[in-house]
Amino acid sequence: MSPDEIRFNQPTLEGNEVDYVQQAVRGGHTSMNGPFAKRVTDLLTEELGAAGVLLTTSCTDALEMTAMLLSLQPGDTVIVPSFTFVSSALAYVREGARIVFADIERETLGIDPAHVAELIDDTTRAVVAVHYAGVACDLPGLGSALGDHPGVELIEDNAHGLFGRLDGRPLGSFGRMSAVSFHETKSFSCGEGGALVLNDPGDVERANVLYEKGTDRRAFEDGRVDKYTWRDTGSSFGMSDILAAYLLAQLEARQAILDKRRAVVERYHEVLAPEADALGFEVPVMPGGRDYAYHLYYVLLDGPGTRERVTAAMRAAGIRTAFHFVPLHDSEGGRRFAARGTDCPVTEEVAGRLLRLPVHNALTPADADRVCEALVTALG
Ligand SMILES: *Cc1c(COP(=O)(O)O)cnc(C)c1O
């Protein structure tokens, strides 16, 4: 890698990470439920107005906990957008559900409420919403689609949207539960990590048991029982305090991180939007009423052929790009675990055209200019 290469993603130190990690190790509590985990949990609980937050080893783990909390039964189905990361579906498959894949709508690339309304039937237990790029999906539309089905729960896979808002309300606070990712590739990171956000106080007690390997250890530690025993299913989901220490420093710097990412995303948009028509590509719609989490930026090219050519040209100019997601409904696992086949034409079209530009915490608006220049040159 040459020194002036622009990486697609890059982990960064934003302030107190190294200092906090040393404190965690020297303090002697490095396993789950440590002092840094408590501070992160308090910060997230307050920011999201949650009934409870549990730090996990990944977003996938947090999604698995949402699946356990739904107490899925054989024959149950969960509606998941085809345009998402595999974990949004996998977590429910592991608990025995089958997946019904829904299409996305063009404006936000989030799940299409009209398609959801068509797909809901009496096997549906939950709908999973993803806020792609950190832009709120059509939550009001989903609310209406779910309004006639009180037994169908909304779960937010909020891997992209932490600290984003819709009409002033935090993403991740709309569903019965939501899941966050602190993976290296996400806006706020500790290498590998996640969080389960509980918005229904009725889920807190059981979530604590699942989190403590199926025991009521939490009730014991709170002095509510005099010994702890095995009560339920569960697993070892807890985040090490060494990682929580790293994560606390990232979250304390959340405004600085969001500002840096916003500067890059806004620069891309400013420079590229005026070029789009002439060069035959589309820029994302930035719908009103939403405070973006600025997780990523993409353009829609005219098809996979152009994308391959542009990717190679930009790589030659020292700029790494990527495209996600590969549609799940059309994957081997997706076909195997789907309750039935569904049509997702927008997903297929977008997945063939989308090119993600680098967005990370070490990127500057000057880097963004270089990326835009390379893109424009490749398309010109
Ligand atoms: C990254 C991502 C995940 C998985 O996160 P992990 O923390 O790696 O488990 C899940 N869903 C979406 C939409 C993601 O982008």
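Criteria and thresholds
- Residues numbered from 1 in each chain as written.
- Predicted model: local features only at pLDDT ≥ 70, side-chain atom pairs only at ≥ 80, totals over all residues.
- Heavy atoms only, no water.
- Helix = DSSP H or I, 4+ residues; strand = E, 2+ residues; numbered from the N terminus.
- Buried < 20%, exposed > 50% of the residue type's maximum accessible area, 1.4 Å probe, protein only.
- Contact = heavy atoms within 4.5 Å.
- Areas by Shrake-Rupley, 256 points an atom, 1.4 Å probe, with all protein chains shown as cover.
- Lys, Arg positive; Asp, Glu negative; His and termini not counted.
- Charge placed at Lys NZ, Arg CZ, Asp CG, Glu CD.
- Near = heavy atom within 4 Å.
- Polar contact = N/O pair within 3.5 Å; in protein donor to acceptor, adjacent residues only side chain to side chain.
- Axes fitted to C-alpha atoms, helices over the stretch in contact; angles between N-to-C directions.
- Parallel < 35°, antiparallel > 145°, perpendicular 65-115°, else oblique.
- Left-handed = near helix turned anticlockwise from the far one by under 90°.
- Nonpolar A, V, L, I, M, F, W, Y, C, P; charged D, E, K, R; others polar.
- Salt bridge = Lys/Arg side-chain N within 4 Å of Asp/Glu carboxyl O.
- pLDDT = per-residue confidence, 0-100.
- Pairing = 2+ DSSP bridges.

On to the overall build of the protein chain. Check the secondary structure of the protein chain and you find 15 helices and 12 strands. Each of the three principal axes of the protein chain carries a C-alpha extent, and together these read 70 × 55 × 35 Å. Looking at the 380 residues of the protein chain, the share that counts as buried comes to 55%. Restricting to contacts in the protein chain with at least 6 residues of sequence separation, those with at least 24 account for 72%. Carbon and sulfur atoms make up 50% of the accessible area of the protein chain, which totals about 15,800 Å². One finds the centroid of the 35 positive side-chain charges in the protein chain at a distance of 5 Å from the centroid of its 55 negative side-chain charges.

Before going further, it helps to examine the site of the ligand. Near the ligand there are 13 residues, and of these Thr60, Asp157, His160, Ser181 and Lys186 occur at the shortest range. Note that an oxygen atom of the ligand is positioned 2.8 Å from one of the side-chain N or O atoms of histidine 160. Contact between the ligand and serine 181: an oxygen atom at 2.7 Å from a side-chain N or O atom of the residue. Summarising the interface, the protein chains cover 92% of the accessible area of the ligand, which totals 380 Å² for the free molecule.

Moving on, we get to the packing of helix H1 (residues 17–27) against helix H9 (residues 241–252). The N-to-C vectors of H1 and H9 enclose an angle of 150°; their axes lie 8 Å apart at closest approach. Overall, the two elements H1 and H9 adopt an arrangement that is roughly antiparallel. Where H1 crosses over H9, the two elements pack in a sense that is right-handed. For the pair H1 and H9, contact is made by Glu17, Tyr20, Val21, Ala24 and Val25 and by Asp241, Ile242, Ala245, Tyr246, Leu248, Ala249, Gln250 and Glu252, respectively. Its residues placed into classes, the contact of H1 with H9 shows 9 nonpolar, 1 polar and 3 charged.

All told, the structure shown has 23 salt bridges when counted by the stated rule. Aspartate 259 is paired through a salt bridge with arginine 262; the nearest N and O atoms lie 3.5 Å apart. A residue pair is termed a helical-turn pair when its members lie 3 or 4 positions apart in one helix, as aspartate 259 and arginine 262 do in helix H10 (residues 254–272) at 3 residues. When its relative accessible area of 31% is taken as the criterion, aspartate 259 is described as partly exposed. The partner of aspartate 369 in a salt bridge is arginine 267, and the shortest N-O contact between them spans 2.8 Å. One end of the pair, aspartate 369, is in helix H15 (residues 365–379); the other, arginine 267, is in helix H10, with 102 residues separating them in the sequence. A relative accessible area of 27% means that aspartate 369 is categorised as partly exposed.

What follows deals with the confidence of the model for the protein chain. Per-residue pLDDT for the protein chain has a mean of 96; in total, 99% of the residues score no lower than 70. Taking the mean pLDDT of every element in the protein chain, the minimum, 86, falls on strand E10 (residues 290–291) and the maximum, 99, on strand E9 (residues 194–198).

Where helix H3 (residues 59–69) contacts helix H4 (residues 87–94), the axes come no closer than 8 Å and their chain directions differ by 45°. Relative to H4, the element H3 lies oblique. Like other packed secondary-structure pairs, H3 and H4 cross with a definite hand, here right-handed. Counted together, Thr60, Leu63, Glu64, Thr66 and Ala67 of H3 and Ser87, Ser88, Ala91, Tyr92 and Arg94 of H4 form the full contact between these two elements.

Strand order across the open sheet formed by 3 strands is E7-E6-E10, with antiparallel pairing between neighbours. Looking at which strands have only one partner, the edges of the open sheet turn out to be strand E7 (169–170) and E10. Looking at chain direction, strand E6 (residues 165–166) and E10 are connected through 2 bridges and run antiparallel. Across the sheet, the residue bridging to arginine 165 is aspartate 291, located in E10.

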